[in-house]
Amino acid sequence: MDYEHKANTVADCLLSYRKDESGWKVCKKSNDVIVSWRPSIEYPGNVYKGEGIVNGSPEKVWECLKPVPNGLRVKWDNNVKKFELLEQVTEDISVCRTVTPSAAMGIIAPRDFVDVILVKQYEDGTIASNATNVGHPSCPPQSGYVRGFNHPCGCICVPISGEPNKTQVFSFFQTDLGGFLPRSVVDSFFPSSMAEFYSNLAKAVKSLKDH
């Protein structure tokens, strides 16, 4: 499989989501984030966009977000229980397995996802993770986990001009959770879990600053 090509396609896709303002409907607002959605063209579901300002430099925010084994993400993100490197394709591209805990009071069983992930830095200082589902020979579906599929998703950390200690964070999720979940469960899960994601990210960045 051409992991590099697939990963670079995702990066282009997320940039287009960020630039295209049309069709997004706000579904949740909090002090930390505005969450919107629109129908996905990748799969029969929705793509969700989170947009918020985090108090912390892009470097600190990225330190909390970066997709690496034993990174900070598994400590603060309630939706990431385990993160495993399956293959390092290039310096910036990896294939990883993410394990998520059960959610929505047990209605959503534990899941695992296998994705190719590209970490990309842009000239303006923006840094982004870009991921989408792939197959990998070392990681077939396993008992005890429903295999879910991420369609182009990721987080984008954008510096704010004149505000070195603030970062604009965009997140995009479009996840086929697999299994036989009622659509209403999925539609209510993502907006609330994304609001929690931003709230917990803000706390994680703040705790980094205190050290």
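Criteria and cut-off values
Residues numbered from 1 in each chain as written. Predicted model: local features only at pLDDT ≥ 70, side-chain atom pairs only at ≥ 80, totals over all residues. Heavy atoms only, no water. Helix = DSSP H or I, 4+ residues; strand = E, 2+ residues; numbered from the N terminus. Buried < 20%, exposed > 50% of the residue type's maximum accessible area, 1.4 Å probe, protein only. Polar contact = N/O pair within 3.5 Å; in protein donor to acceptor, adjacent residues only side chain to side chain. Contact = heavy atoms within 4.5 Å. Disulfide = S-S within 2.5 Å. Arc of directions from axis to C-beta.

Visitor: Explain the side chain of N46 residue by residue, including any values.
Guide: In this structure, N46 sits in strand β3 (residues 46-55). Judged by its relative accessible area of 8%, N46 is buried. In this structure the side chain of N46 is engaged in a polar contact, spanning 3.3 Å, whose partner is the side chain of Y48. Setting aside its immediate chain neighbours within four residues, N46 contacts W37, R38, P39, S40, F173, Q174, R183 and D187.

Visitor: Outline the state of the cysteines, supporting the account with residue identities and numerical values.
Guide: Here the structure, examined in full by the defined rule, presents zero disulfides. You can see C27 has no disulfide; the closest cysteine sulfur is in C155, sitting 16 Å from it. Not engaged in a disulfide, the cysteine C157 finds its nearest cysteine sulfur in C155; these two sulfurs lie 6.9 Å apart.

Visitor: Explain helix α2 (residues 58-65) residue by residue, including any values.
Guide: Of all the residues in α2, the buried ones are P58, V61, W62, C64 and L65. Buried residues along α2 cover an arc of 155 degrees about the axis, so they all sit on one side.

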